[in-house]
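Residues per chain, in single letters:
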Amino acid sequence: MRASISTPFVDTRADDLVWTLSHPVVEALAVRTVERPGPRVRLRVLGASHQVVVERDSGDGTGPLVETVACLPDVTGGLPGIADLPSWGHGDYRFTSTVETLDPGDLARRIDLLRDEVADSPGGLYVTFPGDPLAVTALHLTPEAPLSWRTWHAYPQSGELVSTTTTLTP
């Protein structure tokens, strides 16, 4: 799914992003709900950030898993390279992140590849922001097991591309 939103891109940088599993669901600028065997997954773009909400009908009262990567007020930025949470309420959870600094041409090529991979995929959400064609946030739920998704946050003003991968196994 491709979406262009009218909310202007807010200048930020990769170092301002925070990863958390404890932030509540907030209003999104774009949402894609993906139905698949097992849990329902909502891919959500929040400005230059994202939330992925995994809803399971487990009956154990654990509630949904809410992964947030965002600039949060009063929270110091910094993404972990790796976060492993074995046997965490929803299964084994693994999050990885990388930050690349690219020259404008390389960033444009990577954004073109992302658009081709994500925009028309049944598990993809590709959002562009006004003002810069390279200001993109993209999320992609992989169709095969285990439950896994990737995200990308492009910051053209600094040439940064943040990539994350999450895997959740029962």
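Since we're looking at a predicted model, the values are computed, not measured.

Q: Is there a simple way to explain the sheet that holds strand E5 (residues 50-55) in this structure?
A: Strands pair in a sheet through their backbones, by hydrogen bonds, and they do so in one of two ways: parallel or antiparallel. Judged by pairing direction, the sheet is antiparallel, and its five strands sit side by side in the order E2-E6-E5-E4-E3 without closing on themselves. Two strands bound the open sheet, and with one partner strand each, they are strand E2 (18-20) and strand E3 (30-34). Taking the axes of each pair of neighbouring strands and ignoring which way they run, one obtains an average angle of 10° across the sheet. Note that E5 and strand E6 (residues 65-70) share five bridges and pair antiparallel.

Q: Any chance you could explain the pattern of salt bridges here in plain terms?
A: Once their charged atoms are close, side chains differing in charge can pair, the charge on each being opposite to the other. Counted according to the given criterion, the structure contains seven salt bridges. With a shortest N-O distance of 3.7 Å, Asp16 and Arg13 are connected by a salt bridge. Residue class for Asp16 comes out partly exposed when judged on its relative accessible area of 29%. A relative accessible area of 43% means that Arg13 is categorised as partly exposed. Here Arg94 ties to Asp84 by a salt bridge, and the two come within 2.7 Å at their closest N and O atoms. Placement of the pair is Arg94 in strand E8 (residues 91-101) and Asp84 in strand E7 (residues 82-88), with a sequence separation of 10 residues. When salt bridges with common partners are traced through the structure, they connect Arg40, Arg42 and Glu55 into a single cluster.

Q: Just checking my understanding: could you explain the packing of aromatic side chains for this structure?
A: Aromatic ring pairs are described here by two measures, namely the spacing of the ring centres and the angle between the planes. This structure, assessed with the given rule, holds two aromatic pairs. With centroids separated by 6.2 Å and ring planes inclined at 25°, the aromatic side chains of Trp19 and Tyr93 adopt a geometry described as stacked. Here the residue Trp19 occupies a position in strand E2, and Tyr93 occupies one in strand E8, the gap between them amounting to 74 residues. By relative accessible area, Tyr93 is classed as buried at 1%. Between the aromatic rings of Trp19 and Phe95, the centroid separation amounts to 5.4 Å while the plane-to-plane angle is 25°, which identifies the pairing as stacked. Here Trp19, found in strand E2, pairs with Phe95, found in strand E8; they are 76 residues apart in sequence, far enough to count as distant. Three or more aromatic residues link up through ring pairs in this structure, and these residues are Trp19, Tyr93 and Phe95.

Q: In this structure, what is going on with the nonpolar core? I would like to understand it.
A: Across soluble globular proteins, nonpolar side chains have a tendency to be buried as a group. Leu43 and Val54 are the most contacted members of the largest nonpolar core, which has 27 residues in total. Contacts of Leu43, omitting those with residues within four sequence positions, involve Ala30, Val31, Arg32, Val34, Gln51, Val52, Gly123, Leu125, Leu139 and Leu141.

Thresholds applied
Residues numbered from 1 in each chain as written. Predicted model: local features only at pLDDT ≥ 70, side-chain atom pairs only at ≥ 80, totals over all residues. Heavy atoms only, no water. Pairing = 2+ DSSP bridges. Helix = DSSP H or I, 4+ residues; strand = E, 2+ residues; numbered from the N terminus. Axes fitted to C-alpha atoms, helices over the stretch in contact; angles between N-to-C directions. Salt bridge = Lys/Arg side-chain N within 4 Å of Asp/Glu carboxyl O. Buried < 20%, exposed > 50% of the residue type's maximum accessible area, 1.4 Å probe, protein only. Phe/Tyr/Trp six-rings, centres within 6.5 Å; stacked < 30°, edge-to-face > 60°. Core = buried A, V, L, I, M, F, W, Y, C linked by side-chain atoms within 4.5 Å. Contact = heavy atoms within 4.5 Å.

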